There are 2 protein chains.
Amino acid sequence: MRDFNEFNITDAVIERFGATPNPRLKQLVSRLTAYLHDYVREVEPSFEEWLLAVQFLTRTGQLCDEARQEFILLSDVLGISMLVDAVNHRLPDGATETTVLGPFHVDNAPLLENGADMSPGMSGEPLYIEGQVIAADGTPLEGAMVDLWHSDQDGFYDVQRTDLVGPIGRARVRTEAGGKFRIRTITPSPYPIPYDGPVGDLLTATKRHPWRPAHVHFMIAHPGYETLVTHVFDADSDYLDSDAVFGVKNSLIREYVRHEQGPMPDGTPVAGTWRHLQFQFGLKSRE
Amino acid sequence: MRDFNEFNITDAVIERFGATPNPRLKQLVSRLTAYLHDYVREVEPSFEEWLLAVQFLTRTGQLCDEARQEFILLSDVLGISMLVDAVNHRLPDGATETTVLGPFHVDNAPLLENGADMSPGMSGEPLYIEGQVIAADGTPLEGAMVDLWHSDQDGFYDVQRTDLVGPIGRARVRTEAGGKFRIRTITPSPYPIPYDGPVGDLLTATKRHPWRPAHVHFMIAHPGYETLVTHVFDADSDYLDSDAVFGVKNSLIREYVRHEQGPMPDGTPVAGTWRHLQFQFGLKSRE
């Protein structure tokens, strides 16, 4: 086949993918071709616009390294990450809603005892987190692995700070009897997603801000259940209605209750105010 | 707005782009969001598939440098480059059809006299190119700048060869009276697009070959006319019906006529066979 024009080229490209052995890959590339071609036919990009898109994608790839994933950011700000999350997590009643993983998770954070301080020496309003992990049917899940991470009071994760020896502000803890866990830390702040690259240029050109509301990330795993990736947002935070990555769900917003004086529930003394976050996490069975 | 789900998130993202000052940019990002979200809703990529896509795009960006543009290759093999070309070149009768620029053009190739040899010392069957540049209404265009480039007999461009001091196999020449130009060179071969990167992996996984039929590239500029970017394909070449980048059009295929002995039309002696390509190029007025 030759002599392609704007009307027949889409079928020609899809036909060229016709011998793909893996049927799922064949579906993914064929339908991607169809959608991208429809987009081009509708908006009719000029050659210069096409070249700008090529350059934008190139810069996005070249900014990626071990500490930064600019294509995930791009997926996030286009709402694609949350949409992929949504189509993969149609949840039963009782299961906690999910949200984006984000670019700041680190594998194998320190495994701490219940009640330990996961942010020793860091400045900020103390935060006492108490959680319970249950199955969607209400059964408490002992021995679940709870992975937590959050920004500091200036809005930075440990991996973004060159003045810190991490990991800090991140930990893993196992649930005890009754599915309960507790940890001490500091209260996170809202923060901007990194905006000194092409994704930041896109936000600037479209008059969008890069901020996310304050939150703690949780990833919770237990055999026989789907691993839960979610956040719990601070109900007092700014940006709950304009999260740059569209990650906020009402069911994930909690009051981080402020107390005027200590001690904290485990008896730890506190000099000034402190906050208390309690949340029950429901896991979806793999069945 | 919060609490996004797979049905309302698309409108939410598009609304977030609502304050974009440039109306064209607003259209491009809003409609891209709509098409990509529709794709995700249809194929429902798993988290693992989404991550593979992120990694594929990252590798594609990281392979780009001054000598290689892997995102242009990706656009080419998905037929997007030819589609963008098609929607930008709805041509009047008499105008030569266009095709992809490709990744091997170099600015400011040597400006040669008519009749010069643009591939001195290179091995291959000699090729004598005679062209005429006219307006779509038939008026000959004297003084047009004709930029030519092509692969060698092994299928490589000068910029791909580390054993060559280029530029060679590329030149610019101005049309004389009557819009005519002529140049001596060697006959190009079919060649594979670079397939040692992510685009090559995509072709392999989908059982597609990376070959392009033999051709000479032409870019022709003249004040008052749209710059013409095209190829002339060798009618005897393999792959005319399966060009990896969908660039072949029937009107751009010509016989590179083989002659058993010399001399060439300008009197240049030839030891063995040589070939003769003649083509008339029609430019579209900017009006």
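In what follows, the structure referred to is the one given above.
Predicted model, so just to flag it, every value in this text is computed and none were measured.

Asks: Give a detailed account of the interface of chain B and chain A, specifying residues and quantitative values.
Replies: Contacts between the two partners involve 76 residues from chain B, matched on the other side by 76 residues from chain A. A buried area of about 7,300 Å², summed over both sides, lies between chain B and chain A, and 62% of it is on carbon and sulfur atoms. Of all residues in chain B, the largest losses of buried area upon contact with chain A belong to Arg2, Arg16 and Tyr35 of chain B, amounting jointly to 10% of the total for that side. Between chain B and chain A we count 8 salt bridges in total. When the shortest N-O distance is used, the salt bridge between arginine 90 of chain A and glutamate 44 of chain B registers 2.8 Å. The interface formed by chain B and chain A holds 36 residue pairs in polar contact (both at pLDDT 80 or more) in total.

Asks: Help me get a handle on the sheet that holds strand β1 (residues 126-135) of chain A, residues and values and all.
Replies: In a beta sheet, neighbouring strands pair by backbone hydrogen bonds and run either parallel or antiparallel. All names here are of chain A. Strand order in the open sheet formed by 4 strands is β4-β1-β11-β10, with mixed pairing between adjacent strands. Strands with a single pairing partner mark the edges of an open sheet, and in this sheet they are β4 (180-186) and β10 (257-259). Adjacent strand axes in the sheet meet at a mean angle of 25° when their direction is disregarded. In terms of strand pairing, β10 meets strand β11 (residues 274-283) through 3 bridges, oriented antiparallel. Bridging across to β11, arginine 258 finds its partner in arginine 275.

Asks: Which residues make up the packing of helix α4 (residues 70-77) of chain A against helix α6 (residues 198-205) of chain A, and what values go with them?
Replies: Residues and elements named next belong to chain A. Across the interface, α4 lies against α6 with an axial gap of 9 Å and an inter-helix angle of 25°. Between α4 and α6, the crossing angle belongs to the class labelled roughly parallel. Judged by residue contacts, Glu70, Leu73, Leu74 and Val77 of α4 engage Pro198, Val199, Gly200, Leu202 and Leu203 from α6.

Asks: If you had to explain the pattern of salt bridges to someone new, which residues and values would you point to?
Replies: Within this structure, the stated rule accounts for 40 salt bridges over all chains. Residue glutamate 6 of chain A pairs with arginine 90 of chain B through a salt bridge whose shortest N-O separation is 2.7 Å. Taken together, the positions of glutamate 6 of chain A in the segment before α1 (9-16) and arginine 90 of chain B in the loop between α5 (80-88) and β1 (126-135) put the pair across two chains. Taking the relative accessible area as the measure of exposure, arginine 90 of chain B reaches 42% and is therefore partly exposed. Between glutamate 70 of chain B and arginine 68 of chain B there is a salt bridge, with its nearest N and O atoms 2.9 Å apart. Taken individually, glutamate 70 of chain B and arginine 68 of chain B each receive the classification buried, so the pair is uniform in this respect.

Asks: Let's hear about the relation of the copies chain B and chain A: which residues, and what values?
Replies: Here chain B sits on chain A after a turn of 180° about the axis and a move of 0.0 Å along it, with an RMSD of 0.0 Å. Such a combination of turn and shift is consistent with a two-fold rotation axis. Closest approach to the rotation axis within chain B is made by the C-alpha atom of glycine 61 of chain B, at a distance of 2.0 Å. Same-surface contact between copies: 100% of interface residues of chain B are shared with the interface of chain A.

Rules and cut-offs
Residues numbered from 1 in each chain as written. Chains lettered and ligands numbered in written order. Predicted model: local features only at pLDDT ≥ 70, side-chain atom pairs only at ≥ 80, totals over all residues. Heavy atoms only, no water. Contact = heavy atoms within 4.5 Å. Buried area = accessible area lost by both parts, 1.4 Å probe. Salt bridge = Lys/Arg side-chain N within 4 Å of Asp/Glu carboxyl O. Polar contact = N/O pair within 3.5 Å; in protein donor to acceptor, adjacent residues only side chain to side chain. Pairing = 2+ DSSP bridges. Helix = DSSP H or I, 4+ residues; strand = E, 2+ residues; numbered from the N terminus. Axes fitted to C-alpha atoms, helices over the stretch in contact; angles between N-to-C directions. Parallel < 35°, antiparallel > 145°, perpendicular 65-115°, else oblique. Buried < 20%, exposed > 50% of the residue type's maximum accessible area, 1.4 Å probe, protein only. Least-squares fit on C-alpha atoms with pLDDT ≥ 70 in both.

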